[in-house]
Each structure stands twice: as structure tokens, then as C-alpha cells.
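Listed here are the chains, written in short residue letters.
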Amino acid sequence: MGKPELHATRKSRHESGPAFQKCINPLCGATFDVSEVLTSCHRCGDLLDVEYDWDRVEVPAKLEEFERFWTQRHDPLRFSGVWRFQELIPFAPAEMLVTVGEGQTLCQRADSVADYVGVQPGNLYLQYEGMNPSGSFKDNGMCAAFSHARLTGAKRAACASTGNTSASLAMYSAVTRLLKAIIFIGSGKIAYGKLSQALEYGALTVQIAGDFDDAMQRVREVAKDLGIYLVNSINPFRLEGQKSVMFRVLEALRWEVPDWIVVPGGNLGNSSAFGKAFAELHHLGLIDRIPRLAVINAAGADTLYQLFQRRGVRWNGGQPDRTTIADYYQEMDQRNLRADTIASAIEINRPVNLMKCLRALEVCDGVVRKVTDQEILDAKAQVGSGGIGCEPASAASVAGARLLREEGVIDPAERVVCILTGHQLKDPTATVAYHTTDQDLFDEVLGQRGVRRASFANRAVAVPNELDAIIRAIQLYS
Ligand code: F0G
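Residues numbered from 1 in each chain as written. Predicted model: local features only at pLDDT ≥ 70, side-chain atom pairs only at ≥ 80, totals over all residues. Heavy atoms only, no water.

1. As for the overall build of the protein
For the record, the criterion: For helices the rule is a DSSP run of H or I covering at least 4 residues; for strands it is a run of E covering at least 2, with both sets numbered from the N terminus onward. Here the radius of gyration uses the C-alpha set of atoms, whereas the globule reference equals 2.2 Å times the residue count to the power 0.38. Contacts: residue pairs with any heavy atoms within 4.5 Å of one another. Residue exposure ignores everything except the shown protein chains as possible cover, and the areas themselves are Shrake-Rupley values with a 1.4 Å probe. Charge counting follows a simple rule: Lys and Arg are positive, Asp and Glu are negative, and His as well as the terminal groups are ignored. A single reference atom marks each charge: NZ on Lys, CZ on Arg, CG on Asp, CD on Glu.
Of regular secondary structure, the protein possesses 18 helices and 13 strands. In terms of overall size, the protein behaves like a compact globule, its C-alpha atoms giving a radius of gyration of 22 Å where 478 residues would be expected to give roughly 23 Å. Within the protein, contacts between residues at least 6 apart in sequence are counted, and of these 70% link residues at least 24 apart. Here the protein displays about 20000 Å² of accessible surface, and carbon together with sulfur accounts for 49% of that area. Charged side chains in the protein number 52 positive and 57 negative. The centres of these two groups are separated by 3 Å.

Here it is in C-alpha cells:
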């Protein structure tokens, strides 16, 4: 019975285009048509990839050839920082692609941050994804998920979120009117900048009495029961869009491959997408080497670090040590261990893309580190003082790069790209608490998380409402 069914899948795949879905477990390897709405393999339950018969895609022979699309910016699809690379994300016909102008991001050389990290001037770049329409990297994936949802005729979309996915979903839903947005958030677990977006853009907002990991589990159940399209990064089409972050990094570096990509790790969608992007570019002969990948956990949400660095779990050709992983989660449950970090975006203990991330770490000869909330906030202040601010989770990348430099894993002469995943205005509470002179506010927001000092605080100067006093203060401090 199995064989004819497989044959039928293949046939329809060839009729519909070069893309198909495939189980990431090499022992299973089941394939499904792109038109199917799946978030895991029907046969074995593992994650799915979007794969391509590259022989049937017209891919430019060199990455430089993408530059010709720069002159076509009047076309919204070529204006998009995602779809101007559509030849590398070819799962849907152009008329199905959705864009709200995502991906107009900057890869900025940042010498002051280079100094802080400890690499030579000119060797540290910040890939600033906060410039996306909803203020985070999520838009790179959301436009792809919406395109796939459109292909399948879905009417409603849902996600669980620490805030940015929900903001992005709410925005795409409000702008395009293609899908109605339903978002699940943990109570008290979302920064106000992000919550304000979802509410204002009109998403149905379901606040679960629990944390992100609880909300993630529930949204999967609800999506299945009610047939709602899921846009979390467990959706393989979303990750296809997120590959474009790496395409733009290469573009900004004039197609030179950097030595390191450093990225915060939460649900591990980005790291998974980046690994896939480099594996495909290498397979297509468009790059001749693959950069190393560093995934940075917050110390209060460090499942990947614990499994990869401490317990030695590896992708291992698609056969990772599942017993060690299951034991770790069981231990976590027994101790009722909950994720806890000021970097609320990555406050996640059960990353849904764990397996794909392990694969990416293998492809990119990767490492995993964890950084404390103190290190995150100090790194964030350093980034912010350069004028391009970020939210706490994003700064984990810079704090991680600094740690790896201190350890000697990153060399001062290597070129490092840190991904700044979200905009500074997403979480003003953390920033204001860091710079405040109000000890109570500092203690309430940061002190209880073990943050002891604000080494790079820029404190407001309090003055009476008197002209002389104001002038004296300015003369004293400027
Ligand atoms: N940085 C920011 C600003 C994020 O919002 C997230 C994830 C991450 C990093 C982690 O990325 O999951 O690809 O490892 N935010 C998700 C959300 C979980 O719901 O907005 P990842």
C-alpha cells in the first residue's frame, strides 16, 4: 500500500512545481505535496523541511546575479528583502507571494561593538532585523507563511508567541486581510511594545494562564482541532523566508562569506533556517565555504546549551540521542523548571526546532553558549549607544560573541555578524529599568533576575524647575 501512495505524491509534486515537503528524519524521509498543511510528518511525527528539485529551478549561476533585481524595486516582490531572492525560495508561483515590504534591513559595520566584543575594527557587523515592518525578523518568515497559507486557501492563522511572532502575524493579517489572526500568549510574559501591536492590529488575543511553552502546546492542539493554519516556526514555510536573512548578510558583505554568524536561540527557527540556507547555497555551488554558527541561549532558558554543550547531543546523521533529550525534559518537568530571563523573546525551555537546529550546528560546525541577563543588558547598552538599539534577546548575540572571543573560540581577526533580531522599542521597560536612577524600579524589573549593576547606564539628570539649576546641570554634565 505504501509504494503506490508515495508514487502518487511524487506525481502530483512534479505537476505542481519543484517544491515538496520532506520529513527531516533520514530513516523516514516521507514526502508530501506543498499544498498540504502540515506541521509534522504524518508518518513519524518529526519536523518537515521544504525541499526542492533544484534541477527544475532557474537559479542564478552566481550570487552577484541577484544584483540585477536591485533595478526592479518598483515591483513589490523585488523590493521585498525576502522575495528578491525568490529563486532560492521557490515554493510558490509569484502571483501567490505575499509582501508588506519586509526585509529592508541593514548589515551595519559597528566598530564600537567590535571593541566591546574584542575583535579588530571592521570585523563586527550587526544585521539589524528590527528594521522590518513589525520591528523584528519574524516578518521574513511571516510573508512566506502567508504565501503558503494563501496557496492552501486557509482562512484563519494562529501562533503561540513571546510577542514578536504575534505582532508579525497581526500585522500581516491586518494589512493583507488574507487570514484572521488568533494569537496565544502566556500571561505576564510579553513585552508591552509587542502586545500593543497585536491589540492595535486587531488580532484575537488569547492569554493563557501559563508560559510560552504551555501556549505553544495549546496552540498546536487548537490548530489541529479547528483546522487553523499555524504560523509558528514549526511551519517549514516560515523558515524558508527566514533563510533570506543570510542572503542579505552575504549581499551586504559583497557576497563574501563571514567567519561567524551569531544568533540568539529561542524556539531555534532562525538558527535552523540559517543552516539550511548555507547548506543549500553550498549545494548549489553559490558559496565555497560555510560560516560557523554560534547559537546563544539566555542562561535562564538554556535547553539547547544543556543538551548540546553539556550532554553532547549531536545531529548524528539524523539519529540524535533521543533518550538523553527525553530524560532532560523529564528532569525539567520533575523539578518544575520554568524558563526565566529578562530576554522574554527567548524565554523558552522546549524549543520546537531543536532537531533542525542540531542539524544546522553540524552543517555550520557550530557552538552553543549561554549568557546571563547581566551580560545581555550590558551588551544591549553597548549596541544601543551606537545608535541602533535592540531588544534584550537580540543582544544575547553580542554578549555571546564577546564570551566566545574571551574563550578564544572567535579570533580577533575573524569577521563576525551578530543578528539583532528585534527593535529597541519592543521592550522599553527593560531599557528604562537599566538606565534608571530609581532603585525600586531597577530591583523590581532587573534586580530579582540577578542583575546587579548597570555598567553602561545613561542616567537622566534630575533638576528643579529653575532656569539657573537647569543651566548649571547642563554645564556640569555636557
Ligand atoms: N529574538 C527575538 C527578538 C525573538 O522574538 C525571538 C523569538 C528570538 C530571538 C528567538 O528566535 O525562535 O528563531 O530561536 N521569538 C518568538 C516569538 C518565539 O514568539 O516571537 P528563534
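2. Comments concerning the site of the ligand
Counted only if it meets this: Here, proximity means that at least one heavy atom of the residue falls within 4 Å of the molecule or strand. Between N or O atoms, a polar contact is any pair within 3.5 Å; within protein, one atom must be a potential hydrogen donor and the other a potential acceptor, and residues adjacent in sequence are included only when both atoms are from side chains. In this classification, the charged set is Asp, Glu, Lys and Arg, the nonpolar set is Ala, Val, Leu, Ile, Met, Phe, Trp, Tyr, Cys and Pro, and all remaining amino acids, among them Gly, are polar.
Around the ligand, 21 residues are found, and the nearest of them are K138, S161, G266, N267 and T421. L268 is positioned with one of its backbone polar atoms (N or O) 2.8 Å from an oxygen atom of the ligand. Split by residue class, the shell around the ligand holds seven nonpolar, 12 polar and two charged.

3. Comments concerning the sheet that holds strand β1 (residues 19-23)
Note the following rule: By the convention used here, strands pair only if DSSP detects at least 2 bridges between them. Axes, fitted as lines to C-alpha atoms, cover a helix only where it is in contact. Angles between the N-to-C directions of the axes lie from 0 to 180 degrees.
Strand order in the open sheet made by the three strands is β2-β1-β3, with antiparallel pairing throughout. Strands with a single pairing partner mark the edges of an open sheet, and in this sheet they are β2 (31-33) and β3 (48-52). On average, adjacent strands in this sheet sit at an angle of 35° to one another, irrespective of strand direction.

4. A word on the state of the cysteines
Stated precisely, the cut-off is as follows: In what follows, a disulfide is any cysteine sulfur pair within 2.5 Å. Exposed residues in this analysis have more than 50% of their type's maximum accessible area, buried residues have under 20%, and partly exposed residues fall in between, with area computed by a 1.4 Å probe over protein chains only.
On inspection of all chains with the given rule, the structure shows zero disulfides. In this structure C390 is not part of a disulfide, and its nearest cysteine sulfur, from C418, lies 9.9 Å away. Overall, the relative accessible area of 1% leaves C390 in the buried class.

5. A few points about the pairing of strand β12 (residues 367-371)
Burial within β12 is extensive, with four of its five residues counted as buried. Here five bridges tie strand β11 (residues 292-298) to β12, and the two strands are oriented parallel to one another. Directly across from N297, in β12, lies its bridge partner K370.

6. Section: the sheet that holds strand β13 (residues 416-420)
Ordered in space as β4-β5-β13-β10-β11-β12, the six strands form an open sheet in which the pairing is mixed. Either end of the sheet is taken by a strand with one partner, and the two such strands are β4 (106-109) and β12. Recorded for the sheet is a direction-independent mean angle of 25° between the axes of neighbouring strands. Sheet topology places strand β10 (residues 260-264) next to β11; five bridges connect them, and they run parallel. Across the sheet, the residue bridging to P264 is I296, located in β11.

7. Description of a negative patch on the surface
What counts here: The residues that make up patches have over 30% relative accessible area and no salt bridge, and they are joined within 9 Å when like-charged or within 5 Å when they are Val, Leu, Ile, Met, Phe, Trp or Tyr. Only one rule defines a salt bridge in this text: a Lys or Arg side-chain nitrogen within 4 Å of an Asp or Glu carboxyl oxygen.
Side chains of D438, D440, D443 and E444 sit close together on the surface and give a patch of like negative charge. When you line up the elements, D438 lands in the loop between α16 (428-435) and α17 (439-445). Accessibility expressed as a relative area gives 38% for D438, which makes it partly exposed.

8. Examining the pattern of salt bridges
The full count for this structure, using the stated rule, is 27 salt bridges. R78 is paired through a salt bridge with E87; the nearest N and O atoms lie 2.7 Å apart. The same class applies to R78 as to E87, namely buried. In this structure, R292 and D365 form a salt bridge, with 3.4 Å as the shortest nitrogen-oxygen distance. Note that R292 is positioned in strand β11 and D365 in the loop between α13 (354-363) and β12, a separation of 73 residues in sequence. On the basis of relative accessibility, which here comes to 48%, the residue D365 falls in the partly exposed class. Sharing partners across several salt bridges, the network here consists of E240, K243, K276 and E280.

9. Side note on a nonpolar patch on the surface
A surface patch of nonpolar side chains, amounting to about 580 Å² of accessible area, comprises V461, V463, I470, I474, L476 and Y477. Mapped onto the fold, I474 is located in helix α18 (residues 467-477).

10. Examining the side chain of D302
Looking at the element boundaries, D302 is found in the loop between β11 and α11 (303-310). If we ignore the near neighbours within four places in the chain, the residues touching D302 are N297, Y328, N349 and K370.

11. Here's the deal with helix α7 (residues 212-226)
Put simply, the rule is: Each helix should span, by expectation, one fewer than its residue count multiplied by 1.5 Å.
Helix length check: α7, at 15 residues, gives a terminal C-alpha distance of 20 Å against a target of 21 Å (1.5 Å per residue), a fit within 8%. Residues of α7 that are buried make contact with β6 (156-161), β7 (180-186), β8 (204-208) and β9 (229-230). Where α7 begins, one side-chain oxygen reaches toward the backbone nitrogen of D213, 3.2 Å away; that side chain belongs to D211. Count one or two residues on from α7 and you reach G227, which has phi positive near 65°.

12. Some details on the confidence of the model for the protein
This is how it is decided: As a per-residue quantity, pLDDT reports the predictor's confidence and falls between 0 and 100.
Residue-level pLDDT values for the protein average 95, and 97% of them are 70 or greater. The low-confidence segment residues 1-14, where pLDDT is below 50, has 14 contacts with residues more than four positions distant or belonging to other chains.

13. Description of unusual backbone geometry
Phi is positive for W255, which is not a glycine, with a value near 70°. Relative to the assigned elements, W255 resides in the loop between α9 (244-252) and β10. Despite not being glycine, L268 has its phi angle at roughly 70°, a positive value. Examined against the element boundaries, L268 turns out to sit in the loop between β10 and α10 (269-283).

14. Things to note about the packing of helix α14 (residues 373-385) against helix α15 (residues 392-406)
Put simply, the test is: Orientation is classified from the angle alone, with under 35 degrees giving roughly parallel, over 145 giving roughly antiparallel, 65 to 115 giving roughly perpendicular, and any other angle giving oblique.
Interhelical geometry of α14 versus α15 gives an angle of 90° and a closest axis separation of 8 Å. The angle between α14 and α15 places the two elements in the roughly perpendicular class. Of α15, the residues touching α14 (which contributes E375, I376, L377, A379, K380 and V383) are P392, A395, A396, V398 and A399. Here the contact of α14 with α15 is composed, by residue class, of nine nonpolar, no polar and two charged.

15. Quick look at the nonpolar core
Where we set the bar: Note on terminology: a nonpolar core comprises buried Ala, Val, Leu, Ile, Met, Phe, Trp, Tyr and Cys residues joined through side-chain atoms within 4.5 Å.
The biggest cluster of nonpolar side chains holds 102 residues, and the ones touching the most others in it are F91 and L304. The next biggest cluster of nonpolar side chains, apart from the first, holds 36 residues, and it includes A114, A343, A395 and L403.

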